[in-house]
Amino acid sequence: MFDRIDHVGIAVEAIDPALALYEASFEMKLVHRETVEEQGVEAVLLDLGENHIELLQPLDAESPVGRFLARNGPGMHHIAYQVSDIESELERLRAAGIELIDQQPRIGIRGSRVAFAHPKYTGGVLTELVQPAEDH
Ligand code: CO
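Comment text from UniProt for the protein chain, heading Sequence similarities (unreviewed entry), reads "Belongs to the methylmalonyl-CoA epimerase family."

Listed below in structure tokens is the structure:
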């Protein structure tokens, strides 16, 4: 079972100018900033109630987000659902015939464990499962 929406991921060319919109105009609170080498991004989280907006800036043009930007320009990139047992949720999706990009969880932002499902099997929406670190 998915517990709630954890965040919506948005691809941006550069985080700092994007913060003029999200932090200054939308008045969301910037709560975390991190380079996630494994995903080839610099990322920030902004608080929105119990949910987050995640801004993603590619570290290079060949990263997945870099290729997304080249193809689509900036905009919505993925939706992330929070789960409390990511292994069993991945197993459940696999059994339902949903192809996973990540067979095993990997380390995501702020120490979370994350895995992506293939958008071809999720109605065209790149879908991420997130199990937050214990202290978040
Ligand atoms: Co995400």
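### A few points about the packing of aromatic side chains
Going through the model one piece at a time under the given rule, you end up with two aromatic pairs. When the centroid spacing of 4.9 Å and the interplanar angle of 20° are considered together, the rings of F2 and Y81 count as stacked. Separated by 79 residues along the polypeptide, F2 in the segment before strand 1 (4-11) and Y81 in strand 5 (residues 75-82) bring together distant segments of the chain.

### Here's the deal with the coordination of the cobalt ion
H7 (NE2), E54 (OE), H78 (NE2) and E128 (OE) make up the full set of protein donors to the cobalt ion, lying at 2.1 to 2.3 Å. Angles of 85 to 172° at the metal separate the four donor atoms of the cobalt ion, which places the site in the irregular class. Sequence positions of the residues that donate to the cobalt ion give the spacing H-x46-E-x23-H-x49-E. You can see H7 sitting in strand 1 and its partner E54 sitting in strand 4 (residues 51-58), a full 47 residues away along the chain. The exposure class assigned to H7 is buried, which follows from its relative accessible area of 2%.

### Description of the pairing of strand 8 (residues 127-131)
Most of strand 8 is tucked away, with five of its five residues classed as buried. Here strand 8 shows no split at all, with T127, L129 and Q131 on one side and E128 and V130 on the other all buried. Both strand 5 and strand 8 contribute to a ladder of four bridges, which runs parallel. For Y81, the partnering residue across the bridge sits in strand 8 and is L129. Note: strand 7 (residues 113-117) against strand 8, five bridges, orientation antiparallel.

What counts as what
Residues numbered from 1 in each chain as written. Predicted model: local features only at pLDDT ≥ 70, side-chain atom pairs only at ≥ 80, totals over all residues. Heavy atoms only, no water. UniProt positions renumbered as here; feature names shortened; annotations may be inferred. Phe/Tyr/Trp six-rings, centres within 6.5 Å; stacked < 30°, edge-to-face > 60°. Helix = DSSP H or I, 4+ residues; strand = E, 2+ residues; numbered from the N terminus. Donors = N, O, S within 2.8 Å, 3.2 Å for Na, K, Ca; no water. Tetrahedral: all angles 85-135°; square planar, octahedral: opposite > 155°, others 65-115°. Buried < 20%, exposed > 50% of the residue type's maximum accessible area, 1.4 Å probe, protein only. Pairing = 2+ DSSP bridges.

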